[in-house]
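# Structural characterization, general
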Amino acid sequence: MIVEDAIAPPPGQPALRVTAMPADTNPYGDIFGGWIMSQMDMAAGLVAARHAKGRAVTIAVDAMQFHAPVAVGDEVSVYTDIVKVGRTSMTIEVEAWRRDRFGEAVDRVTQARFVFVAIDEHRRPRPIEG
């Protein structure tokens, strides 16, 4: 899913859509990168839990890239794509896109690769059901 110079969001519906709010800003007035990362983790976690048919936890975030800032009031849409499934883990490509509150133009703002592990009730890795 990670494509250089992307001009349009990935196909399909986003896993998560949220409006960036004033409380989510850094000292410079842009939306804090950690807030965007947390939205991406939530979206990937929803997809991971559904695919694993149970609890799944983040174990790694690779290749995080920030491309453009997000402003207060922007709509942030997070798209996911499961690109690899192992015995207990899965790798999910995640992209965050912004849309101005009053416009239609979109920009990719962040992309990363999240790795999740399915866990059991004792918080130990468990096989992902096929």
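The paragraphs below set out a description of the structure included in this document.

Definitions and cut-offs
Residues numbered from 1 in each chain as written. Predicted model: local features only at pLDDT ≥ 70, side-chain atom pairs only at ≥ 80, totals over all residues. Heavy atoms only, no water. Core = buried A, V, L, I, M, F, W, Y, C linked by side-chain atoms within 4.5 Å. Buried < 20%, exposed > 50% of the residue type's maximum accessible area, 1.4 Å probe, protein only. Helix = DSSP H or I, 4+ residues; strand = E, 2+ residues; numbered from the N terminus. Pairing = 2+ DSSP bridges. Axes fitted to C-alpha atoms, helices over the stretch in contact; angles between N-to-C directions. Contact = heavy atoms within 4.5 Å. Salt bridge = Lys/Arg side-chain N within 4 Å of Asp/Glu carboxyl O.

Residues M40, V78, I92 and F116 are the most contacted members of the largest nonpolar core, which totals 25 residues. Of all the elements in the fold, those that place two or more residues in this core are helix 1 (33-52), strand 3 (75-85), strand 4 (89-99) and strand 5 (106-118). Looking at this core, the element that brings in the most residues is helix 1, giving 8 residues.

Spatially, the 5 strands line up as an open sheet ordered 1-3-4-5-2, and their pairing is antiparallel. The outermost strands of the open sheet, each flanked by one partner alone, are strand 1 (16-19) and strand 2 (56-66). Pairs of neighbouring strands in the sheet enclose a mean axial angle of 25°, with direction left out of account. As defined by bridge partners, strand 2 adjoins strand 5 across 8 bridges and the pair is classed as antiparallel. Within strand 5, the position partnered with V57 by the bridge is V117. Of the strands in this sheet, strand 1, strand 2, strand 3, strand 4 and strand 5 are in contact with helix 1, which crosses strand 5 at around 50°.

Now for the pattern of salt bridges. Counted according to the given criterion, the structure contains 6 salt bridges. Here R108 ties to E95 by a salt bridge, and the two come within 3.9 Å at their closest N and O atoms. With R108 in strand 5 and E95 in strand 4, the pair connects residues that are 13 residues apart, well separated along the chain. For the pair R108 and E95, one class covers both residues: buried. In this structure, the salt-bridge partner of D107 is R98, at a minimum N-O distance of 2.8 Å.

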